[in-house]
Structures are given as structure tokens and as C-alpha cells.
Amino acid sequence: EAIAKILEQDLGIPAFSVPTNGMHDYVYGVGIALAEIAKRIEGKREVTPKSVNLLGVTPLDFGPQENVELLKENLKAYGWNVLSTWAMGDDFETLQTSGNADVNLVVSAVGLRAAKVLWETCHIPYVIGTPNQWLAEDISHALKMAITQQTATANVYLQNRMQQEAEITLIGEPVTMGSLAAGIEKKYGRMTRVLCPLKECESLLGRNDKVVRGEEAMEEELKNAKIIVADPLYRPICPEDSTFYEIPHVAFSGRMFI
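Residues numbered from 1 in each chain as written. Predicted model: local features only at pLDDT ≥ 70, side-chain atom pairs only at ≥ 80, totals over all residues. Heavy atoms only, no water.

Participant: Just to check I follow, could you spell out the overall build of the protein chain for this structure?
Facilitator: Within the protein chain, the secondary structure is distributed over ten helices and nine strands. Whereas a compact globule of 258 residues would reach a radius of gyration of roughly 18 Å, the protein chain reaches 19 Å, a difference of no more than 12%. Each of the three principal axes of the protein chain carries a C-alpha extent, and together these read 60 × 40 × 30 Å. Per-residue burial over the protein chain gives 50% buried out of 258 residues. Sequence-distant contacts in the protein chain: of pairs separated by 6 or more residues, those separated by 24 or more amount to 61%. Counting only carbon and sulfur atoms, one obtains 51% of the accessible surface of the protein chain, whose full area is about 12,800 Å². (Helix = DSSP H or I, 4+ residues; strand = E, 2+ residues; numbered from the N terminus. Rg over C-alpha atoms; globule rule 2.2 N^0.38 Å. Buried < 20%, exposed > 50% of the residue type's maximum accessible area, 1.4 Å probe, protein only. Contact = heavy atoms within 4.5 Å. Areas by Shrake-Rupley, 256 points an atom, 1.4 Å probe, with all protein chains shown as cover.)

Participant: Looking at this model, I keep getting lost on the sheet that holds strand S7 (residues 210-211). Mind explaining?
Facilitator: Paired through backbone hydrogen bonds, the strands of a sheet run either parallel or antiparallel to each other. Across the sheet, which stays open at both edges, the five strands sit in the order S7-S6-S5-S8-S9 with parallel pairing between neighbours. Edge positions in the sheet fall to S7 and strand S9 (243-246), since each has one partner strand and no second. Pairing geometry for strand S5 (residues 168-171) and strand S6 (residues 192-196), over four bridges, is parallel. Across the sheet, threonine 169 pairs through a bridge with arginine 193, a residue of S6. Taken strand by strand, helix H8 (residues 174-188) contacts S5, S6 and strand S8 (227-230), and its axis lies near 170° from that of S6. (Pairing = 2+ DSSP bridges. Axes fitted to C-alpha atoms, helices over the stretch in contact; angles between N-to-C directions.)

Participant: Explain the nonpolar core here, please?
Facilitator: Within soluble globular proteins, side chains that are nonpolar tend to cluster in buried spots. Ranked by internal contacts, the top residues of the largest apolar core, which has 60 residues, are Val52, Leu75, Trp86, Leu105, Leu143 and Leu170. Looking at which element gives the most residues to this core, the answer is helix H6 (residues 112-122), with seven residues. Excluding residues within four positions of it along the chain, leucine 170 makes contact with Met177, Leu180, Ala181, Ile184, Thr192, Arg193, Val194, Leu195 and Val229. Judged by nonpolar contacts, the second largest core, of twelve residues, contains Ile171, Leu222, Tyr234 and Phe244. (Core = buried A, V, L, I, M, F, W, Y, C linked by side-chain atoms within 4.5 Å.)

Participant: How should the packing of aromatic side chains be read in this particular structure?
Facilitator: The geometry of an aromatic ring pair is captured by two quantities: the separation of the ring centres and the angle between the planes. All chains considered together, the criterion is met by two aromatic pairs. Both rings, one in tryptophan 134 and one in tyrosine 188, keep their centres 5.8 Å apart while their planes meet at 90°; by these two values the pair is edge-to-face. Highlighted residues: tryptophan 134 in the loop between strand S4 (126-128) and helix H7 (136-149) and tyrosine 188 in helix H8, separated in sequence by 54 residues. Owing to a relative accessible area of 22%, tryptophan 134 belongs among the partly exposed residues under this scheme. Lying across the ring of tryptophan 80, lysine 50 places its NZ or CZ 5.3 Å from the centre. (Phe/Tyr/Trp six-rings, centres within 6.5 Å; stacked < 30°, edge-to-face > 60°. Lys NZ or Arg CZ within 6 Å of the ring centre and 35° of its normal.)

What follows is the structure in C-alpha cells.
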């Protein structure tokens, strides 16, 4: 922390430290880094109508840039102007315009800390959810409501979730997988659940979802699962008679399956 202060003082370049020890997952480290950037964003000067910042956009959750462009297109289809993405495809100068946005959209758990900072410092309301093709309309409506009501948060993918016994199990980051689960339920009427191996994510999970840490614990949770959607590295601990759908995730298996 002291070195960061000296660098910023002597060079005039924004600098900060992230206290990591190699024992935390990526949500912790990247989340703190984005929150530190958010602390350096000035408040609203000239608000851009129907504008949104996407918070938590990293290669670890979304892979190549083309996936990010798809998220933007899904929002643009409902008239939204994406002011900045935190932090794929935009430079620091672009991020500095974030204070002019109407609303923030937290597209993965990584962006939640930054959203809370921007709510406190710039009073920008935020919504939580990944705008996939099935959920983009619901998210658009929630963004409008957040602007109108100036509410701090609205978790779109946890609204109207089915409560029967799960037919489909999804494993991974809670916001992206939770949004996919909500989309599946909306589109196909098939009950889902999300198993999350990450820390500090309990508040982002639904009633039937669960934080599961460790291979043995995950294998136990999966023993009766029939349909599983996860990174390919989970396949060896899945039941032999289950149907497995691969969604490679950089933070889980790197580039092995991409």
C-alpha cells in the first residue's frame, strides 16, 4: 500500500494495492481492483440518457471479446447505450466517463464491489444479472425501474425462479450461471439449481442454489443429478448416467477447452 502511494505521488499515475495471498479465488482479487478504480471515478457531470455501465466483464468469466459484444448487442436491442465495460475492451479514459451513466449492470460477481462504491460516491443505482438472449428483456425493464425509483440494487435472475425439485444443475459463477438458469426456466419451464464453488457469493444465490467448496463436497451434491451444465473439468466427478453439457470457463480450466 505504501509503495502504491509513493508511485501515485511521484508519477501522478493512479496506483493501488490489492491484498492477495494466493488463497483467494478471482472474485476477491479482481473485485477489489475494480472497486479501487471506482473510487477514482468522479460524480455525474452530464448524464447520458438511457446509458449503462457493465461491471464485472472480465476474460475469466466471458472469454473472448466477441462474447462481450454479444452482451452489448442484447442491451442495444432494447435501446440501451453501453457507456463503459469494466474492464474488457475499454481503457481507463473510457472508464472515467462512468459517472455519467444512468445505471450500472453487474454482469458477474466480480463487479459487485464496484457497483456498491459507485452507488455510494456517484449515487448510480445498479441491477444484477447477465443479459443473455433470454433475460435481456427482463434486465432492460429492471434497469428502467432502477433509474425511476433510484434503488440501490435489483437482482433480476432471482426473481420468479421456480421452486420445484431441480431437473438441471449448473456449476459456476453465480451471476452468469444464475442468469442462464433463469433463462432456461423462462424459456423451457425446466427447474434449475446453481452450485457455486466461489467464496463471498452467498447473497447472489437463490433458495435452491448452494455454495459448494471442495471436490468431495461437489461430487456428493452431484450424485443424483441427471442434467449438468459446467466446465469440462467437472465431468469426472459427475454420475456416469448423467447428461453433461460443456461450458468452458477460463477461471476454472484456463484455455484447455476454448
